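Read off the chains here:
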Amino acid sequence: MDQREEQEFAEYFAARRDAVRRTAYMLCGDWHRADDLTQTAFVALHRSWRKIRDRGALDAYVRRSVVRALIDETRRPWRRERHVEQLPEVATGDGEIGDAVATRSALLDGLSRVPPRQRAVLVLRFLEGLDVAGTAEALKCSEGTVKSQTARGLTALRDVLGDALDDLRSTP
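Cut-offs used in this document
- Residues numbered from 1 in each chain as written.
- Predicted model: local features only at pLDDT ≥ 70, side-chain atom pairs only at ≥ 80, totals over all residues.
- Heavy atoms only, no water.
- Buried < 20%, exposed > 50% of the residue type's maximum accessible area, 1.4 Å probe, protein only.
- Helix = DSSP H or I, 4+ residues; strand = E, 2+ residues; numbered from the N terminus.
- Arc of directions from axis to C-beta.
- Salt bridge = Lys/Arg side-chain N within 4 Å of Asp/Glu carboxyl O.
- Contact = heavy atoms within 4.5 Å.
- Expected span 1.5 Å × (residues − 1).

Enquirer: I would appreciate a short explanation of helix α6 (residues 132-139) in the present structure.
Expert: Spacing of three or four residues puts side chains on the same side of an α-helix, whose turn is 3.6 residues. When α6 is considered as a whole, its buried residues turn out to be V132, T135, A136, A138 and L139. End-on, the buried residues of α6 take up no more than an arc of 165°, which puts them together on one face. Positive phi shows up at K140, right after α6, with a value of about 55°.

Here's what the structure looks like:
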């Protein structure tokens, strides 16, 4: 890349780094893994910078890279987590945690137990604010797939959360 292109990339990176990291965190629930996913996405963007004609689609490209990196990572056998019946440490609820923090914690915990593809759809739809078409484009799948993954993901999230978040339940 020439110096002008490097400067354009550096400006885009500085402007979008935190937002991409937050999205990655919402997908994986771990800031360290979010940093890795963000780095992977920006390295892929840097490699493809000259080939990208539509600079307006950069956010979609980076989002898709983050989601793909997460899904690829979950397929690697050495990165799989082992689930145990009893946790080694239990967080103490001392009553000083505000409702917003407790809600966010419960939501992130619930999202971590939803399958990766469904989690990606839920994060893009409801936390990133993309519509069905935007999510389908970001994930390179059909709108029908987004709709079905959204329905399955919400059902799985509701099952995982139980009564922890009444506001996520459907109202009759």
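Enquirer: I tried to follow the pattern of salt bridges on my own but got confused; where do I start?
Expert: Once the charged atoms of two side chains with opposite charge are near each other, the side chains can pair. All told, the structure shown has nine salt bridges when counted by the stated rule. The salt bridge involving E5 is made with R50; its shortest N-O contact spans 3.0 Å. On the criterion of sequence distance, the pair formed by E5 in helix α1 (residues 3-28) and R50 in the loop between α2 (31-48) and α3 (58-75) is long-range, its members being 45 residues apart. Taking relative accessible area as the criterion, R50 reaches 56% and is therefore assigned exposed. Where R63 meets E128, a salt bridge forms, and the shortest distance between an N and an O atom there is 3.9 Å. Linking R63 in helix α3 with E128 in the loop between α5 (116-127) and α6, this pair joins segments that are 65 residues apart in sequence. Residue classification places R63 among the buried positions, given a relative accessible area of 16%. A relative accessible area of 31% means that E128 is categorised as partly exposed. Here the salt bridges do not stand alone but share partners, grouping R4, E8 and R55 into one network.

Enquirer: What am I meant to see in the environment of E8 here?
Expert: Note that E8 resides in helix α1. Counting along the chain gives 41 residues from E8 to W49, while the straight-line C-alpha distance between them is 9.4 Å. Sequence-distant contacts of E8, that is, excluding residues within four places in its chain, are made with W49 and R55.

Enquirer: Would you mind showing me how to read α2 here?
Expert: The end-to-end C-alpha distance of α2 is 26 Å, a good match for the 26 Å that 18 residues give at a rise of 1.5 Å each. Regarding α2, the residues found buried are R33, A34, L37, T38, A41, F42, L45 and S48. Looking down the long axis of α2, one finds its buried residues gathered within 165° of arc, a one-sided arrangement. Of the residues in α2, the exposed ones pointing more than 90 degrees away from the buried face are H32, Q39 and R47. For α2, the secondary structure elements touched by its buried residues are α1 and α3.

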